[in-house]
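Each chain, letter by letter, is given below.
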Amino acid sequence: TVYVHGLVRDGEGQKMSKSLGNVIDPNELVDRYGVDATRYLLMSAVKFGSDGDLTRSSFDDLYTGQLSNGLGNLLQRTVTLIARAGLKIEPGAAPSCADIDADIEALRLDDGLRHAWKIVNDANQRLEASKPWELLVSKQQTANSKQLETVLTTAYRQLETIAAGLAPYMPETSELIF
């Protein structure tokens, strides 16, 4: 089976071509963002099999907004708070994300990434709503201690699901999250 991507345009409606000089060199993207982030950016920028626009500024926006501010902050906050709380959370048994697996099987690669980002956004919203950093300060109270453990364990489990779902897209990042 041969799978073919759609036409890639430069954001101004022109197809990318070396003769027009409007191509984005994937090696430059890898140098700037890394292999996993470049894979993510390319798969999320254009629906697989369809024509789409790619611009350097859209890569910067996606990288900053989703990878750095979204996933990166979620991971950093969760890991830091778990360490500060002195919690020992054991990894779950073979985490997976059925929605993402189904999307990949159906070659809806961009939908799979959207499912992953729904989990990232949900986890970030839960942390913002529950404010575990405030619970950490008042951890002396038993109720706060239990609530803190519940909040951080939930975030940890969501990170496991995200890592499992992102493995086909971002294998090195997924492994680092695990």
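Chains are numbered independently. Their residues run from 1 in the order of the written sequence. Totals for whole chains, interfaces and linings use every residue, but because this is a predicted model, local features are given only for residues with pLDDT of at least 70 and side-chain atom pairs only at 80 or more, for both listing and counting. Just so you know, side-chain values use all the structure's heavy atoms and leave hydrogens and water out.

Any carboxyl oxygen of Asp or Glu that lies within 4 Å of a side-chain nitrogen of Lys or Arg is treated as forming a salt bridge with it. In this structure the tally under the stated criterion is 10 salt bridges. R56 is the partner of E28 in a salt bridge, and the nearest nitrogen-oxygen pair spans 3.5 Å. Linking E28 in helix α1 (residues 26–33) with R56 in helix α3 (residues 56–85), this pair joins segments that are 28 residues apart in sequence. A relative accessible area of 43% means that E28 is categorised as partly exposed. Between R108 and D103 there is a salt bridge, with its nearest N and O atoms 2.8 Å apart. Accessibility here uses a 1.4 Å probe with only protein chains present; expressed as a share of the type maximum, an area under 20% marks a residue as buried, one over 50% as exposed, and anything in between as partly exposed. Residue classification places D103 among the buried positions, given a relative accessible area of 3%. Note on conventions: DSSP H or I runs of at least 4 residues are helices, E runs of at least 2 residues are strands, and numbering of each starts at the N terminus.

Here we take up α1. Residues lying three or four places apart along an α-helix face the same way, a consequence of the helix completing one turn every 3.6 residues. Here a polar contact means two N or O atoms within 3.5 Å. Within protein one must be a hydrogen donor candidate and the other an acceptor candidate, and residues neighboring in sequence count only if both atoms are side-chain atoms. The opening residue of α1 is D25, an N-cap whose side-chain oxygen sits 2.8 Å from the backbone nitrogen of N27. G34 occupies a position one or two residues after α1 and carries a positive phi of about 95°.

Glancing now at the packing of α1 against helix α2 (residues 35–45). Axis geometry follows a simple rule: fit a line to the C-alpha atoms, using only the stretch in contact for helices, then measure angles between N-to-C directions, giving values from 0 to 180 degrees. Contact geometry of α1 with α2 gives a least axis separation of 7 Å together with a crossing angle of 125°. When the axis of α1 is compared with that of α2, the two are oblique. Once α1 is placed against α2, the crossing between them reads as right-handed. Mapping the contact onto sequence places L29, V30 and Y33 in α1 and V35, A37, T38, L41 and L42 in α2. Only Asp, Glu, Lys and Arg are considered charged, only Ala, Val, Leu, Ile, Met, Phe, Trp, Tyr, Cys and Pro nonpolar, and every remaining residue, Gly among them, polar. Among the residues making up the contact of α1 with α2, the classes are represented as 7 nonpolar, 1 polar and no charged. Throughout, the term roughly parallel applies to angles under 35 degrees, roughly antiparallel to angles over 145, roughly perpendicular to angles from 65 to 115, and oblique to all others. Crossings are sorted by hand: turned counterclockwise from the far helix by less than a right angle, the near helix makes the crossing left-handed, and turned clockwise it makes it right-handed. Here, residues are in contact when the closest pair of their heavy atoms is within 4.5 Å.

Only centres within 6.5 Å qualify two rings of Phe, Tyr or Trp (six-membered ring in Trp) as a pair; their planes then separate them into stacked at under 30 degrees, edge-to-face at over 60, and tilted for everything else. For the structure on display, the rule yields 3 aromatic pairs. When the ring of Y3 is compared with that of F48, the centres are 6.4 Å apart and the planes differ by 55°; the resulting orientation is tilted. Of this pair, Y3 sits in the segment before β1 (8–9) while F48 sits in the loop between α2 and β2 (52–53); the two residues are 45 residues apart in sequence, bridging distant segments of the chain. According to the relative accessible area criterion, Y3 is exposed, its value standing at 51%.

One finds L71, W117, I162 and L166 to be the most contacted residues of the largest nonpolar core, which totals 33 residues. With 8 residues, helix α5 (residues 109–130) is the single largest residue contributor to this core. Excluding residues within four positions of it along the chain, L166 makes contact with L71, L113, A116, W117, P171 and S174. What is meant by a nonpolar core is a set of buried Ala, Val, Leu, Ile, Met, Phe, Trp, Tyr and Cys residues, joined one to another through side-chain atoms within 4.5 Å. In this structure, I82, L135, L136 and L148 belong to the second largest nonpolar core, which totals 9 residues.

It is worth spelling out the environment of L113 at this point. Turning to its location among the elements, L113 is positioned in helix α5. Overall, the relative accessible area of 3% leaves L113 in the buried class. For the pair L113 and D103, spaced 10 residues apart in sequence, the C-alpha separation works out to 8.9 Å. In this structure, L113 is in contact with Y40, M43, S44, L166 and Y169, ignoring residues within four places of it in sequence.

Looking now at the side chain of N22. Tracing the chain through its elements places N22 in the loop between β1 and α1. N22 sits in the buried class, given a relative accessible area of 15%. In terms of polar contacts, N22 uses its side chain to reach the backbone carbonyl oxygen of K15, at 3.2 Å. Of note is the side chain of N22, whose polar atom sits 2.9 Å from the backbone nitrogen of S17. Ignoring anything within four residues of it in the chain, the contact list for N22 reads D10, Q14, K15, M16 and S17.

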